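Listed below are the residues making up each chain.
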Amino acid sequence: GLQTWVDVYNNMRNENTNPEVPQIHTWLPTNEAGAEIHIMVRNPYWWAVDPEGNQLPYLDSITHRLFDSLDVFNMWIMNGEIDFQSRHVDIANYTLFKENEAEGDFHLTKSIGAGHVAIHLNHTAKDPVLRRLFQNRDVRFALNYAVNREEINELIYDGLAEPRQCGPVDASPLYYPKLAHAYLEYDPEKANSLLDQAGYTERDAEGFRLWKDGSGRVGYQIEYIDAADEDTVALYVKYFADVGVQCPYKYVERSLYTEHYSSNNIEASVAFGVDRSLLPMLQPEILVGLMSDHPWACAWALWRTSGGTDPNGEEPPEGHWIWKAWDLYDQTRVTPDEAQRAELFYGILDIWYEELPMAGYLSQFKQPVIVKNGLRNYVDNL
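Report on the accompanying structure. (Residues numbered from 1 in each chain as written. Predicted model: local features only at pLDDT ≥ 70, side-chain atom pairs only at ≥ 80, totals over all residues. Heavy atoms only, no water.)

## Focus on the overall build of the chain
For clarity, the cut-off: Put simply, DSSP marks the helices as runs of H or I at least four residues long and the strands as runs of E at least two long, and each gets a number from the N terminus on. Using C-alpha atoms as the atom set, the radius of gyration is obtained and then compared with a globule rule of 2.2 Å times the number of residues to the power 0.38. A contact between two residues is defined here by any heavy atoms of the two lying within 4.5 Å. His is not counted, nor are the chain ends, whereas Lys and Arg count as positive and Asp and Glu as negative. By convention, the point assigned to a charge is CZ for Arg, NZ for Lys, CD for Glu and CG for Asp.
The helix and strand inventory of the chain stands at 14 helices and 13 strands. At 23 Å, the chain has a C-alpha radius of gyration in line with the 21 Å of a compact globule built from 382 residues. Summarising the internal contacts of the chain: among those between residues at least 6 apart in sequence, 64% fall at separations of at least 24. Treating the 30 positive side-chain charges of the chain as one cloud and the 58 negative ones as another, the clouds have centres 4 Å apart.

Pasting the structure below:
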């Protein structure tokens, strides 16, 4: 059913659909990733050993079990059917899980997550009116100051996070406090002033700002893919409305979300926030706009990652600061000296400090972790 030998090759080399593909990963899949029970077995040729010379990994196999409902997942935890898990373990259920530790033969601990609650504003939105809005630095800073981080932390996250901009977390060797603690104050007055300064001064009878040509209310649609995000998004909508920006929001199924960002048909998103922030040099693409499922530079990402062939991609304008970020990124990829590489990366973070491509709101989450009693080598409370 495929058209060319290239299609056949790409299909065969996909490790998610063909378990026979040679790999250097720790565990190797034995069946397709979308199966209800997905089993991975240890790779006997993995490259690492422990300090005593024992071949890693220790575990012979890992079983991933597909769930359609968080209620089902939570029941598995309480029944003791989960050996180790942090992803999807909701801090809101902390007390529930704690009460079921003995019966489920597990203990509930915490670690610091490497993600951020943030919003992606697509600088390359197809609507030119939205594009001008998001590419306006004053607007981005206004939407940063418009949000009450402390209130979100208390109302949604039980005070278990900290106000932060996007960037490496405290435990990271690349932690950059200059950016992490910048522009965190809740200041609606400053937000309103910046939006006025950006030229969005006219308002309708309900106080919402109007586009410069008077064609309607200033605003954009926010997408999210995890039902747990809805309460947070609803607060964003309230804060943005308080400074005159109207933002409807909607849940979209993951595959539809993928379709949207892959075709640059997305205005704003809270999906994934900014994650992978402990060792960001391993995947800095999020911070240079090249990971299109974190769609703050969607069309530019599609252009560069496809070598200019993606019909939905677009080359950034000459002189835009994204080119400097990409240049620094390219240098980090070929610089063997760790200190020099870090300085180059800090250059990228300096661009974030100056331009604030997207607003980060919270980070340093105390992430609950389910650990089966008897499971060894997990260090609690890191």
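Moving on from the model shown.
## Structural notes on the packing of helix H12 (residues 298–305) against helix H13 (residues 321–334)
Our working definition: Between the N-to-C directions of two axes lies an angle of 0 to 180 degrees, each axis being a line fitted to C-alpha atoms and, for a helix, fitted only over the stretch in contact. Between 65 and 115 degrees an angle is taken as roughly perpendicular, under 35 as roughly parallel, over 145 as roughly antiparallel, and anywhere else as oblique. Definitions for this section: a left-handed crossing has its near helix turned counterclockwise from the far helix by less than a right angle. A right-handed crossing has that turn clockwise. Following the grouping adopted for this structure description, the nonpolar residues are Ala, Val, Leu, Ile, Met, Phe, Trp, Tyr, Cys and Pro, the charged ones are Asp, Glu, Lys and Arg, and the polar ones are all others, Gly among them.
Contact geometry for H12 and H13: axes closest at 13 Å, N-to-C directions at 45°. As the angle between them shows, H12 and H13 are arranged oblique. The interaxial crossing formed by H12 with H13 has right-handed handedness. Residues Trp300, Trp303 and Arg304 of H12 form the contact with H13, whose participating residues are Ile322, Trp323, Trp326, Tyr329, Asp330 and Arg333. Looking at the contact of H12 with H13 residue by residue, the classes come out as six nonpolar, no polar and three charged.

## Looking at the environment of arginine 164
This is how the line gets drawn: N or O atoms within 3.5 Å of each other form a polar contact, as long as, within protein, one can give a hydrogen and the other can take it, and as long as residues adjacent in sequence are counted only when both atoms are side-chain atoms.
Following the sequence through the fold, arginine 164 ends up in the loop between strand S8 (162–163) and helix H8 (177–180). Spatially, the C-alpha atoms of arginine 164 and histidine 123 are 22 Å apart, while their sequence positions differ by 41 residues. The residues touching arginine 164, leaving out its near neighbours within four places in the chain, are Arg149, Asp170, Tyr175, Ala180, His181, Leu184, Gly360, Tyr361, Leu362, Ser363 and Gln364. A distance of 2.6 Å separates polar atoms of two side chains, one belonging to arginine 164 and the other to aspartate 170.

## Brief notes about the packing of helix H7 (residues 149–157) against helix H10 (residues 230–242)
Viewed as axis vectors pointing N to C, H7 and H10 meet at an angle of 150°, and their least axial separation amounts to 10 Å. Judged by the angle between their axes, H7 and H10 are roughly antiparallel. The element H7 and its partner H10 pack so that their crossing is right-handed. Within the contact between the two elements, H7 uses Glu151, Ile152, Leu155, Ile156 and Tyr157 and H10 uses Asp231, Thr232, Leu235, Tyr236 and Tyr239.

## Quick word on the environment of glycine 313
Its location among the elements puts glycine 313 in the loop between H12 and H13. Separated by 257 residues in the primary sequence, glycine 313 and leucine 56 have C-alpha atoms spaced 42 Å apart. If we ignore the near neighbours within four places in the chain, the residues touching glycine 313 are Ala299, Leu302 and Trp303.

## Some details on the state of the cysteines
Filter applied, for reference: In this description, the term disulfide denotes a pair of cysteine sulfurs within 2.5 Å. Here's how the labels work: a residue is buried when its accessible area is under 20% of the maximum for its type, exposed when over 50%, partly exposed in between, all with a 1.4 Å probe on protein chains only.
Tallying each qualifying case throughout the model produces zero disulfides. You can see cysteine 298 has no disulfide; the closest cysteine sulfur is in cysteine 166, sitting 17 Å from it. In this structure cysteine 298 comes out as buried when scored by relative accessible area, which is 0%.

## Some thoughts on the sheet that holds strand S9 (residues 222–224)
Our working definition: The pairing criterion for strands is at least two bridges between them, as found by DSSP.
With respect to topology, four strands assemble into an open sheet ordered S7-S11-S9-S10, the strand pairing being mixed. The sheet is open, and its two borders are formed by strand S7 (120–121) and strand S10 (249–251), each paired with just one other strand.

## Quick look at the pattern of salt bridges
What counts is decided by this rule: What makes a salt bridge here is a side-chain nitrogen of Lys or Arg within 4 Å of a carboxyl oxygen of Asp or Glu, nothing more.
Summed over the entire model, instances satisfying the criterion amount to 17 salt bridges. Where glutamate 81 meets arginine 65, a salt bridge forms, and the shortest distance between an N and an O atom there is 2.7 Å. Of this pair, glutamate 81 sits in the loop between helix H2 (70–78) and strand S4 (84–85) while arginine 65 sits in strand S3 (residues 61–65); the two residues are 16 residues apart in sequence, bridging distant segments of the chain. With relative accessibility at 39%, the residue glutamate 81 sits in the partly exposed group. Here arginine 140 makes a salt bridge to glutamate 355, at a shortest N to O gap of 3.1 Å. Of the two residues, arginine 140 sits in helix H6 (residues 137–145) while glutamate 355 sits in helix H14 (residues 338–355), which places them 215 residues apart along the sequence. For arginine 140, a relative accessible area of 3% translates into the label buried. Under the relative-accessibility criterion, glutamate 355 is labelled buried at 19%. Residues joined by salt bridges that share partners form a network here, namely Glu162, Arg164, Asp170 and Lys366.

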